[in-house]
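So you can see what is in the structure, the chains are spelled out below.
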Amino acid sequence: MRIYIGSDHAGYELKNHLVAHLEKAGHEVTDIGPAAFDPEDDYPAFCFHAAAAVVGDPGSLGVVIGGSGNGEQIAANKVPGARCALVWNEETAKLARQHNDANLMGIGARMHSTDDAVRFTETFLAEPFSAADRHQRRIDQVAEFDKTRELPDLPA
């Protein structure tokens, strides 16, 4: 599987660990950056580029990493076609893929041990989208809003 990974300074060490781990597991990993630790870096560019790479490479997945993962997830979701879910345990990793067909996950390096982060990432990468009609319908609604920015009618 092709995987794109970006982080901020707080996620730099975890990013490097995940890149090495996933490459050893046989994945094709592209490290979006940062290339060096910089405590003053601005994470949005790394997240935008990771998300754009995933959207532009159907079948690939992505990981964005920060201190909490919140800002990185928000930034990645600004890229049209990106569906980045904040993952904090194995269940959220599974559901992100099963129900939302998330193509990226965000994770907080300061929130989890390295072993847990690796396990959550492996779970996310291994889980397929369920393709259930109700989930696809909702994904389509979000994609339509992304395109038109028109609020839909509220359900009755």
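Residues numbered from 1 in each chain as written. Predicted model: local features only at pLDDT ≥ 70, side-chain atom pairs only at ≥ 80, totals over all residues. Heavy atoms only, no water.

Within an unreviewed UniProt entry, the label attached to the protein chain reads Ribose-5-phosphate isomerase B, and the organism entered is Salininema proteolyticum. The protein chain has a UniProt comment under Catalytic activity (unreviewed entry) that states "aldehydo-D-ribose 5-phosphate = D-ribulose 5-phosphate". UniProt, in the comment section headed Sequence similarities (unreviewed entry), describes the protein chain in these words: "Belongs to the LacAB/RpiB family." (UniProt positions renumbered as here; feature names shortened; annotations may be inferred.)

A.B. asks: So what about the pairing of strand β3 (residues 61-66)? Which residues, and what values?
C.D. replies: Burial of β3 is extensive: 6 of the 6 residues sit out of reach of the surface. Alternating residues of β3 divide into Leu61, Val63 and Ile65 and Gly62, Val64 and Gly66, and every residue in both groups is buried. Alignment of strand β1 (residues 2-7) against β3, held across 5 bridges, turns out to be parallel. Pairing of Gly6 across the sheet is with Val64, part of β3. (Buried < 20%, exposed > 50% of the residue type's maximum accessible area, 1.4 Å probe, protein only. Helix = DSSP H or I, 4+ residues; strand = E, 2+ residues; numbered from the N terminus. Pairing = 2+ DSSP bridges.)

A.B. asks: Got a sec to walk through the layout of surface pockets? Specific residues and values, please.
C.D. replies: The calculated volume of the largest pocket comes to roughly 350 Å³. Together, 18 residues line the largest pocket, and Ala82, Arg83, Ile139, Val142 and Ala143 are the ones closest to its centre. Mapped by element, the contributors of at least two residues to the lining of the largest pocket are β4 (84-86), α4 (90-100) and α6 (133-148). Considering every element that reaches the lining of the largest pocket, the biggest residue donor is α6, with 7 residues. (1 Å grid on protein atoms, 1.4 Å probe; cavity = no way out; pocket = protein on both sides within 12 Å on 5 of 7 lines; lining within 4 Å. Points joined across faces, edges and corners; volume = space filled by probe spheres on them.)

A.B. asks: Requested: an account of the environment of Val54, with residues and values cited.
C.D. replies: Mapped onto the secondary structure, Val54 falls in helix α2 (residues 44-55). Judged by relative accessible area, Val54 falls into the buried class, the value being 3%.

A.B. asks: Outline the packing of helix α1 (residues 12-24) against helix α5 (residues 114-126), listing residues and values.
C.D. replies: Across the interface, α1 lies against α5 with an axial gap of 11 Å and an inter-helix angle of 50°. As far as their axial angle goes, α5 and α1 are oblique. You can see that α1 and α5 cross each other, and the crossing is right-handed. Contact with α1, carried on its side by Leu14, His17, Leu18, His21 and Leu22, involves Thr114, Ala117, Val118, Thr121, Glu122 and Leu125 of α5 and no other residues of that element. Residue classes in the contact of α1 with α5 are distributed as 6 nonpolar, 4 polar and 1 charged. (Axes fitted to C-alpha atoms, helices over the stretch in contact; angles between N-to-C directions. Parallel < 35°, antiparallel > 145°, perpendicular 65-115°, else oblique. Left-handed = near helix turned anticlockwise from the far one by under 90°. Contact = heavy atoms within 4.5 Å. Nonpolar A, V, L, I, M, F, W, Y, C, P; charged D, E, K, R; others polar.)

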